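Structural characterization, general
Chain residues, written in single-letter form:
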Amino acid sequence: MPKLMIALDVLNREEALKIVNEVKDYIDAVKVGYPLVLSSGLEIVEEIKKICNREVICDFKVADIPETNRKIAEIALKYADGIIVHGFVGEDSVKAVQEVAKKFNKKVIMVTEMSHPGAIQYMQPIANKLAKMAKKLKVDAIVAPSTRPERLKEIKDIAKLPVMTPGVGYQGGKIEEIINILDENDYVIVGRSIYQSENPKDVAKKFKEKLNKNKTK
Ligand code: C5P
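Residues numbered from 1 in each chain as written. Predicted model: local features only at pLDDT ≥ 70, side-chain atom pairs only at ≥ 80, totals over all residues. Heavy atoms only, no water.

1. Concerning the UniProt feature "domain: Orotidine 5'-phosphate decarboxylase" (unreviewed entry) in the protein
This is how the line gets drawn: UniProt positions are given in the numbering used here, feature names are shortened, and annotations may be inferred rather than shown by experiment. Labels follow the DSSP assignment, with helices taken as runs of H or I lasting at least four residues and strands as runs of E lasting at least two, numbered in each case from the N terminus.
According to UniProt, the positions carrying the feature "domain: Orotidine 5'-phosphate decarboxylase" (unreviewed entry) are residues 3-207. Secondary structure across residues 3-207 divides into 49% helix and 19% strand, with the first and last C-alpha atoms of the span separated by 10 Å.

2. As for unusual backbone geometry
In this structure, N105 is a non-glycine residue whose phi angle is positive, near 60 degrees. When you line up the elements, N105 lands in the loop between α5 (91-104) and β5 (107-111). Unlike most non-glycine residues, K160 shows phi in positive territory, near 50 degrees. Its place among the elements puts K160 in the loop between α8 (149-159) and β7 (163-166).

3. Some details on the nonpolar core
Our working rule: In these notes, a set of buried Ala, Val, Leu, Ile, Met, Phe, Trp, Tyr and Cys residues joined through side-chain atoms within 4.5 Å is what counts as a nonpolar core. Burial here depends on accessible area, computed with a 1.4 Å probe over protein chains only, as a share of the maximum for the residue type. Under 20% is buried, over 50% is exposed, and the range in between is partly exposed. Here, residues are in contact when the closest pair of their heavy atoms is within 4.5 Å.
Membership of the largest hydrophobic core comes to 63 residues, with the highest contact counts inside it found for L8, V30, V32 and I48. Among the elements that take part in this core, helix α7 (residues 124-137) stands out by supplying six residues, more than any other. Those residues in contact with V30 that lie beyond four places of it in its chain are M5, I6, L8, I48, C52, E55, V56 and I57. Ranked by size, the runner-up nonpolar core spans 14 residues in total, among them A7, I57, I109 and A119.

4. Topic: the packing of α7 against α8
The condition is simple: Under this scheme, a helix contributes an axis fitted over its contacting stretch, all axes are lines through C-alpha atoms, and angles between N-to-C directions fall in the 0 to 180 degree range. Throughout, the term roughly parallel applies to angles under 35 degrees, roughly antiparallel to angles over 145, roughly perpendicular to angles from 65 to 115, and oblique to all others. Two helices that cross are described as forming a left-handed crossing if the nearer one is turned anticlockwise from the farther one by less than a right angle, and a right-handed crossing if clockwise. Polarity classes work like this: nonpolar for Ala, Val, Leu, Ile, Met, Phe, Trp, Tyr, Cys and Pro, charged for Asp, Glu, Lys and Arg, and polar for all others, with Gly in that last group.
At a minimum axis distance of 8 Å, the contact between α7 and α8 shows a crossing angle of 30 degrees. Judged by the angle between their axes, α7 and α8 are roughly parallel. As for the relative orientation of α7 and α8, their crossing is right-handed in sense. In this structure, α7 uses Q124, A127, N128, A131, K132 and K135 to contact α8, whose residues at the interface are R151, E154, I155, I158 and A159. By residue class, the composition of the contact of α7 with α8 is five nonpolar, two polar and four charged.

5. Comments concerning the state of the cysteines
Quick reminder of the rule: Cysteine sulfur atoms that pair up within 2.5 Å are treated as a disulfide.
Taken as a whole and assessed by the stated rule, the structure comprises zero disulfides. Of all cysteine sulfurs in the structure, the one in C58 sits closest to C52, which takes part in no disulfide; the separation is 13 Å. Classification of C52 by relative accessible area gives buried; the value is 4%. Residue C58 is classed as buried on the basis of its relative accessible area, which comes to 0%.

6. Comments concerning the environment of I84
Mapped onto the fold, I84 is located in strand β4 (residues 82-86). With sequence-adjacent residues up to four places away left out, I84 is seen in contact with K31, I57, C58, D59, F60, K61, V62, I109, V111 and V143.

7. Topic: the sheet that holds strand β1 (residues 3-7)
Stated precisely, the cut-off is as follows: Between any two strands, pairing holds if DSSP finds at least two bridges.
Strand order around the closed barrel formed by eight strands is β1-β2-β3-β4-β5-β6-β7-β8, with parallel pairing between neighbours. Put simply, the sheet's adjacent strands are angled 25 degrees from each other on average, direction ignored. Here three bridges tie β1 to strand β2 (residues 29-33), and the two strands are oriented parallel to one another. Note that in β2 the partner of M5 across the bridge is A29.

Structure representation (structure tokens):
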């Protein structure tokens, strides 16, 4: 069964920790990004881990020259278990992050195609090439969209790597439509549908149950 990762894009520390505490029994991993880290500091990663003892990934979509990427990774991976980077900046920029991750024994996750409509404009035309590059570089996982199951499948087939897939729930992606593409090494990322709901615990539980039951193969 694929893992459930919450995208914790809330804007303050107290709310973030409250949600983690509520959903901790139903999630396998937590993704933090700029909204939370810029408002609460990177130390929030340690606080989250203390509450739920789950993998925490920094979604910084790092996209700079190798030397700057390296500096960002050195800071983030002191705290987090993995970091999300962009692939379109080229192999050297991704490799710089991989070198740091290796030192800390942490993960590098590379974006291929994003889940929002605008990704069709510039990212989709190069996403299959990025998936090939991810395979060549042996990154730990890739990011590909749940909002376009056929693209998720194509990208996963090319990269042959674990996938972290956002877009379920608020952006319109449905577990039923992607479950047969995924396996136990993959992660389904859900943000707003959980943290904006009246009862995050119940919603997380429902997503977890759907991930468990829905396989039709
Ligand atoms: O709230 P929602 O469930 O749409 O959250 C999706 C999360 O996944 C957000 O944190 C967003 O930044 C992230 N993401 C995405 N598409 C990508 C990579 C990351 O939606 N390709």
